[in-house]
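Overview (structure and organization)
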Amino acid sequence: AEWGYTKRNGPFTWAKNYPTAAGIRQSPVDIDTALATSDSSLESKPLRWKYVPQNTRTIVNSGHGWRVDVDSEGSELVGGPLEGTYKLQQFHCHWGSSSDKGSEHTVDGQSYAAELHLVHWNSSKYADCGEAADYPDGLTVLGVLLKVGAKNPELQKVIDLIPSISHRGEKTEVKEAIDPAKMLPKTLSYWTYLGSLTVPPCNESVTWILFKEPVEVSEEQLAAFRSLRCYKRGEECPCDEVDGLLISNYRPTLPLGTRELRECGS
Ligand SMILES: C[C@@H](NC(=O)c1ccc(Cl)c(S(N)(=O)=O)c1)c1ccccc1O
Ligand SMILES: [Zn+2]
């Protein structure tokens, strides 16, 4: 059966069909801030990005959440821990059934209400995202912690489209350009470590860059995320979630193990 986030098909069952999920370079992890080492090489190469808002093409209900697919051309992410140039492929979000949980990464054991992921692939070395996902330096994800607060105007453009992708497999054009850069925090300090996709097949091919400063989102906006359904229109609800609502889609943390956790900026 398809993987998901319920007791029957959730994170603790993934290793059965996706053995990499039981690996030693898995994500997310708890960020133990006392363990983080600041690294002058990170300070000397500031993280730089360029996005083209008009290139945000479609939003889809993948059955695991909403995802905005982007035309990678014209985008770039360089610097920090990265070698070469990475291009934006898509962005999506993870959340919980209530706003006391929902982020994938935790900080000193603390969960946030949600977590935004901007997925990039190494266009210096690979032909596309799919190929890049098979290599240890293939992907980079910018992670943004979301906490409850003011309504987020840029994310509101995503929320406004949710009613038209209420069921799995539904997708719609993004008419009003969404600027991924506007969803990033003001201060650019971050933690970085080597990890994986937090969804099956959990490839160990992600350089994680998690911004330290959370960004605000309102309770109503989080509630809109939870109104997505994990099954197709016309089909009965397969998952034993409350009438198939995608009320939670985050993976619990895995051990950092012997991996290095570096930080840049206070
Ligand atoms: C299908 C699933 N995720 C991905 O497609 C995905 C692909 C590459 C990466 Cl690197 C990641 S991740 N989480 O490691 O950044 C997630 C998904 C999850 C949540 C919401 C919508 C949605 O489509
Ligand atoms: Zn994600």
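Located above this text is the structure these notes cover.
Per chain, residues are indexed from 1 in the order of the written sequence. Each chain is given a letter, starting from A, and each ligand a number, starting from 1, according to the order in which they appear as written. Side-chain atom pairs in this predicted model are given and counted only at pLDDT of 80 or more, local residue features only at pLDDT of at least 70, and totals for whole chains, interfaces and linings cover all residues. Side-chain figures throughout are based on the complete set of non-hydrogen atoms in the structure, without hydrogens or water.

Formed by 43 residues in total, the largest nonpolar core has its most connected members in Trp66, Phe91, Leu116, Leu142 and Leu146. Numbered from the N terminus, helices here are DSSP runs of H or I no shorter than four residues, and strands are runs of E no shorter than two. Of all the secondary structure elements, the ones that give two or more residues to this core are β5 (66–70), β7 (86–95), β9 (114–122), β10 (139–148), α4 (153–159), β13 (206–211), β14 (215–217) and α5 (219–225). Every residue pair with non-hydrogen atoms within 4.5 Å of one another is taken to be in contact. In this structure, Leu116 is in contact with Trp66, Phe91, His92, Cys93, Leu142, Gly143, Val144, Leu146 and Met183, ignoring residues within four places of it in sequence. Counting 22 residues, the second largest nonpolar core, distinct from the first, contains Val119, Ala133, Leu197 and Leu210. Nonpolar cores are built from buried Ala, Val, Leu, Ile, Met, Phe, Trp, Tyr and Cys residues. Side-chain atoms within 4.5 Å join them into one set. Any residue under 20% of the maximum accessible area for its type is buried, any over 50% is exposed, and the rest in between are partly exposed; the area is computed with a 1.4 Å probe on protein chains only.

Turning our attention to the coordination of the zinc ion (ligand 2). For a metal with four tetrahedral donors the ideal donor-metal-donor angle is 109.5 degrees, while six octahedral donors give ideal angles of 90 or 180 degrees. Each metal site is built from N, O and S donor atoms within 2.8 Å (3.2 Å for Na, K and Ca), and since water is not included, such sites may look incomplete. For the zinc ion (ligand 2), the full set of protein donor atoms is His92 (NE2), His94 (NE2) and His117 (ND1), and the range of their distances to it is 2.0 Å. Key to geometry: four donors with every angle between 85 and 135 degrees are tetrahedral; four donors are square planar and six octahedral where opposite donors lie over 155 degrees apart and all remaining angles lie between 65 and 115; all other sites are irregular. Each of the 4 donor atoms bound to the zinc ion (ligand 2) contributes to angles spanning 100 to 114°, and the resulting shape is tetrahedral. The motif formed by the donor residues of the zinc ion (ligand 2), counted along the single chain, is H-x1-H-x22-H. Here His92 is found in strand β7, whereas its partner His117 is found in strand β9, with 25 residues between them in sequence. A relative accessible area of 15% places His92 in the buried class.

Further remarks concern the pairing of strand β4 (residues 56–61). The buried count for β4 comes to 5 of 6 residues, which makes it a mostly enclosed element. DSSP calls a pair of strands paired once it identifies at least 2 bridges connecting them. Of the strand pairs in this sheet, β4 and β5 are connected by 5 bridges, and their pairing is antiparallel. Looking across to β5, one finds that Ile59 is bridged to Val68. Joining the antiparallel neighbours β4 and β5 is a turn of 4 residues, in which Gly63 adopts a positive phi near 90°. Relative to strand β11 (residues 171–173), β4 runs antiparallel, the two being bridged by 3 bridges.

Before going further, it helps to examine the site of ligand 1. Surveying the vicinity of ligand 1 reveals 17 residues, the closest of which are Ser62, His92, His94, Leu197 and Thr198. For the purposes of these results, a polar contact is taken to be a pair of N or O atoms within 3.5 Å, where, inside protein, one atom must be able to donate a hydrogen and its partner to accept one; residues adjacent in sequence count only when each atom of the pair is a side-chain atom. Between a nitrogen atom of ligand 1 and a side-chain N or O atom of His94, the distance comes to 3.2 Å. To measure how exposed things are, a 1.4 Å probe is used in the Shrake-Rupley method; for residues, cover is taken only from the protein chains shown. When ligand 1 sits alone it has 510 Å² of accessible area, and the protein chains cover 91% of it. Residue assignment for the shell around ligand 1 shows that the elements contributing at least two residues are β5, β7 and β9. In this count, Pro and Cys sit with the nonpolar residues alongside Ala, Val, Leu, Ile, Met, Phe, Trp and Tyr, while Asp, Glu, Lys and Arg are called charged and the others, Gly among them, polar. Classifying every residue of the shell around ligand 1 gives 7 nonpolar, 9 polar and 1 charged. A single heavy atom is enough: if one lies within 4 Å of a molecule or strand, its residue is considered near that molecule or strand.

The next subject is the side chain of Arg226. Here Arg226 shows up in the loop between α5 and β15 (262–264). Only four residue types enter the tally: Lys and Arg on the positive side, Asp and Glu on the negative side, with His and both chain ends excluded. Here, a salt bridge means any Lys or Arg side-chain nitrogen found within 4 Å of an Asp or Glu carboxyl oxygen. Despite being buried, Arg226 has no salt bridge partner; Glu219 is the closest side chain of opposite charge, sitting 4.6 Å away. A distance of 3.5 Å separates a polar atom in the side chain of Arg226 from the backbone oxygen of Ser97. Beyond its immediate stretch of four places on either side in the chain, Arg226 contacts Trp95, Gly96, Ser97, Ser98, Ser99, Leu245, Leu246 and Ile247.

Below, the discussion takes up the side chain of Glu154. Examined against the element boundaries, Glu154 turns out to sit in helix α4. Given the relative accessible area of 7%, Glu154 is considered buried. Within the structure, the side chain of Glu154 is placed 2.8 Å from the side chain of Lys157, a separation counted as a polar contact. Apart from residues no more than four positions distant in its own chain, Glu154 is found in contact with Ala177, Ile178, Asp179, Lys182 and Met183.

Within this structure, the stated rule accounts for 10 salt bridges. Here Arg168 ties to Glu2 by a salt bridge, and the two come within 2.8 Å at their closest N and O atoms. Taken together, the positions of Arg168 in the loop between α4 and β11 and Glu2 in the segment before α1 (14–17) put the pair 166 residues apart, joining distant regions of the chain. Residue class for Arg168 comes out partly exposed when judged on its relative accessible area of 23%. Note on Glu2: relative accessible area 38%, which makes it partly exposed.

Our next topic: the packing of aromatic side chains. Under the pairing criterion, centres of Phe, Tyr and Trp rings, with the six-membered ring standing for Trp, must be within 6.5 Å; the plane angle then separates stacked pairs below 30 degrees from edge-to-face pairs above 60, leaving the rest tilted. Going through the model one piece at a time under the given rule, you end up with 8 aromatic pairs. Look at Tyr5 and Trp14: their rings are 5.7 Å apart centre to centre, the planes differ by 80°, and that puts the pair in the edge-to-face class. Both residues of the pair, Tyr5 and Trp14, count as buried. On the basis of an interplanar angle of 55° and a centroid distance of 5.8 Å, the ring pair of Trp66 and Phe225 is categorised as tilted. Of the two residues, Trp66 sits in strand β5 while Phe225 sits in helix α5, which places them 159 residues apart along the sequence. We classify Trp66 as buried; its relative accessible area is 1%. Here Phe225 falls in the buried class, since its relative accessible area comes to 0%. An aromatic cluster is present here, built from Trp66, Phe91, Trp95 and Phe225 joined pairwise through their rings.

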